[in-house]
Amino acid sequence: STTVINILLDATGMSQGELVEMMSLAWDSKGNLCMWAPARALQKLEQHILCRAYWLCIFAVNEHYAICGDCWKCRPSTSEELRADLCRCGEKKHNPCFCGAEKYKPGDALYEIDKFEGVVGLMSSLIVSLDSALASLTRIWVVAEIAEASGSKPVVFQAGQGLSWEVQEKLRRGDPVVPPVAD
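Residues numbered from 1 in each chain as written. Predicted model: local features only at pLDDT ≥ 70, side-chain atom pairs only at ≥ 80, totals over all residues. Heavy atoms only, no water.

A.B. asks: Pulling in residues and values, what's your account of the packing of helix α1 (residues 2-12) against helix α2 (residues 16-23)?
C.D. replies: Packing of α1 against α2 brings their axes to within 10 Å, and their N-to-C directions diverge by 105°. In this view, α1 runs roughly perpendicular relative to α2, as classed from their interaxial angle. On α2, the residues that touch Ile5, Leu8, Leu9 and Thr12 of α1 are Gln16, Leu19 and Met23. Its residues assigned to classes, the contact of α1 with α2 comprises 5 nonpolar, 2 polar and no charged. (Axes fitted to C-alpha atoms, helices over the stretch in contact; angles between N-to-C directions. Helix = DSSP H or I, 4+ residues; strand = E, 2+ residues; numbered from the N terminus. Parallel < 35°, antiparallel > 145°, perpendicular 65-115°, else oblique. Contact = heavy atoms within 4.5 Å. Nonpolar A, V, L, I, M, F, W, Y, C, P; charged D, E, K, R; others polar.)

In C-alpha cells, the structure reads:
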C-alpha cells in the first residue's frame, strides 16, 4: 500500500530505488509499488527501524462518533435525527450518514476529534503519505493535520509511488492539483 511504502521510505531514509532493491518490491500492472512478501521483507530491516512508532490518522479518529449525519445549523441529537436525510430545520445535511452511531460531544473521552492537538504535541514530525494523484490532500482532516503541525513541527511529504503524469503536468503548468478547501 502507498502508506506502508511511504512509512518505509521515511523510517529507512532510503531512496525509492534502494527500498525496491532491499525489500524485493515490484511494480504491479497499474504502476503501483507492491510488497509481495511483506513478512519476509520486514525481516530485512534493523530493529531500531522496526521500533519506530507512526500514528495513522486513518485508524485513529472514528468520525462516526462525532460528526457523521450532522447538520451544521441545528445539530441533531437523536439517532433518528442523525439517520434522516433532512434535518429538523429542513436543511439537507452536509455530512449524511445512516450509521446511527451514538454521537459524543467535545470533552467526552470517546469524542476523538478534540484530541488531535494533544496527539500532534507528542509527535516529533508529521509525515504526510501522498498517493500519486494527491487525492489525500483533498481530505479536510489531512489539511487540518498539516495546518496543526506546521506551526511547531517539521512536515514531510512522502510520495513513494511518485506522482501521476496528470499531476506532474498540472505542476509544470502551474495549475492547481487539488481543489481549494473552500470547495
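A.B. asks: So, the environment of Ala149: which residues are in play, and what are the values?
C.D. replies: By secondary structure assignment, the location of Ala149 is in helix α8 (residues 140-150). We classify Ala149 as buried; its relative accessible area is 0%. Sequence-wise, Ala149 and Val120 are 29 residues apart; in three dimensions their C-alpha atoms are separated by 6.3 Å. Once you skip the residues sitting within four places of it in the chain, Ala149 turns out to touch Val120, Leu126 and Val155. (Buried < 20%, exposed > 50% of the residue type's maximum accessible area, 1.4 Å probe, protein only.)

A.B. asks: Explain the pattern of salt bridges to me, using residue names and the numbers behind them.
C.D. replies: In total, this model carries 5 salt bridges according to the counting rule given. With its nearest N and O atoms 3.6 Å apart, the salt bridge here joins Lys170 to Glu166. Here the residue Lys170 and the residue Glu166 both occupy positions in helix α9 (residues 165-173), the gap between them amounting to 4 residues, near one helical turn. (Salt bridge = Lys/Arg side-chain N within 4 Å of Asp/Glu carboxyl O.)

A.B. asks: Account for the side chain of Asp131, naming residues and giving values.
C.D. replies: Residue position: Asp131 is located in the loop between β3 (126-129) and α8. For the buried Asp131, no salt bridge exists, and the shortest N-O distance to an oppositely charged side chain is 9.6 Å, to Arg139. For Asp131, the side chain forms a polar contact with the main-chain nitrogen of Ser136, separated by 2.9 Å. In this structure Asp131 touches Thr2, Ser136 and Leu163, once residues within four positions along its chain are discounted. (Lys, Arg positive; Asp, Glu negative; His and termini not counted. Polar contact = N/O pair within 3.5 Å; in protein donor to acceptor, adjacent residues only side chain to side chain.)

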